[in-house]
Amino acid sequence: MNEISRPVDVICVCDARGEIRPLRIQMEQADQSHLRINIDEILSSREIQHVGAESTIYLCRAMVHGREQIFELKYLIRSHSWRLLQMIC
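Residues numbered from 1 in each chain as written. Predicted model: local features only at pLDDT ≥ 70, side-chain atom pairs only at ≥ 80, totals over all residues. Heavy atoms only, no water.

Q: Help me understand the overall build of the chain in this model?
A: Along the backbone of the chain there are 0 helices and 7 strands. The order of α-helices and β-strands along the chain, N terminus first, is β-β-β-β-β-β-β. Based on the C-alpha atoms only, the size of the chain along its principal axes is roughly 35 × 25 × 20 Å. Burial statistics for the chain: of 89 residues in total, 33% are counted as buried. (Helix = DSSP H or I, 4+ residues; strand = E, 2+ residues; numbered from the N terminus. Buried < 20%, exposed > 50% of the residue type's maximum accessible area, 1.4 Å probe, protein only.)

Q: Explanation requested: the pairing of strand β4 (residues 34–50) in the structure shown.
A: Remember that side chains alternate between the two faces of the sheet whenever the strand is regular. When strand β3 (residues 20–28) meets β4, the two strands line up antiparallel, connected through 5 bridges. By the bridge assignment for β4, Q26 is matched with R36. Here β3 folds back onto β4, and the loop between the two strands holds 5 residues, one of which, Q32, carries a positive phi near 75 degrees. One ladder, built from 10 bridges, connects β4 with strand β5 (residues 53–64); its direction is antiparallel. Paired with S44 across the two strands is L59, which belongs to β5. Following β4, the chain reverses through 2 residues before pairing antiparallel with β5; V51 in that reversal takes a positive phi of roughly 50 degrees. (Pairing = 2+ DSSP bridges.)

Q: What is the right way to read the packing of aromatic side chains from this model?
A: For any pair of aromatic rings, the description consists of the separation of the ring centres together with the inter-plane angle of the planes. For the structure shown, the criterion picks out 2 aromatic pairs. Each ring, one from Y58 and one from W82, has its centre 5.7 Å from the other, and the planes form 35 degrees; the classification is tilted. Taken together, the residues span a long stretch of sequence, with Y58 in strand β5 and W82 in strand β7 (residues 81–87) at a distance of 24 residues. With respect to class, Y58 is no different from W82; both count as buried. Residues Y75 and W82 carry aromatic rings whose centres are separated by 4.8 Å and whose planes lie at 40 degrees to one another, so their mutual orientation is tilted. (Phe/Tyr/Trp six-rings, centres within 6.5 Å; stacked < 30°, edge-to-face > 60°.)

Q: Help me understand the pairing of strand β2 (residues 9–14), please; the structure alone is not making it clear to me.
A: Across 6 bridges, the pairing between β2 and β3 is antiparallel. Pairing of V10 across the sheet is with I25, part of β3. Linking β2 to β3, which pair antiparallel, is a turn of 5 residues; within it G18 sits at a positive phi near 90 degrees.

Q: What is the right way to read the side chain of Q69 from this model?
A: Positionally, Q69 belongs in strand β6 (residues 67–76). Setting aside chain neighbours within four positions, we find Q69 in contact with C60, R61, A62, V64, M87 and C89. (Contact = heavy atoms within 4.5 Å.)

In structure tokens, the structure reads:
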């Protein structure tokens, strides 16, 4: 498990019921280049409250550099921002 907790750009869709589904993330790498990752599947999602801040955690699966990766994305509802929390495998 590789804990990261850094901000990322996310393209997502919102359905008629108001549910949000992330489709793609983009993050800046150490060499200042951008890595774009298309999310293949949302394995699970859960809503949490931490110190009064509502968030949704998404467990996602995607191919990164030819390898399957599972990672957690966090959507902070109040600030409308996204964070990549950790790469699980």
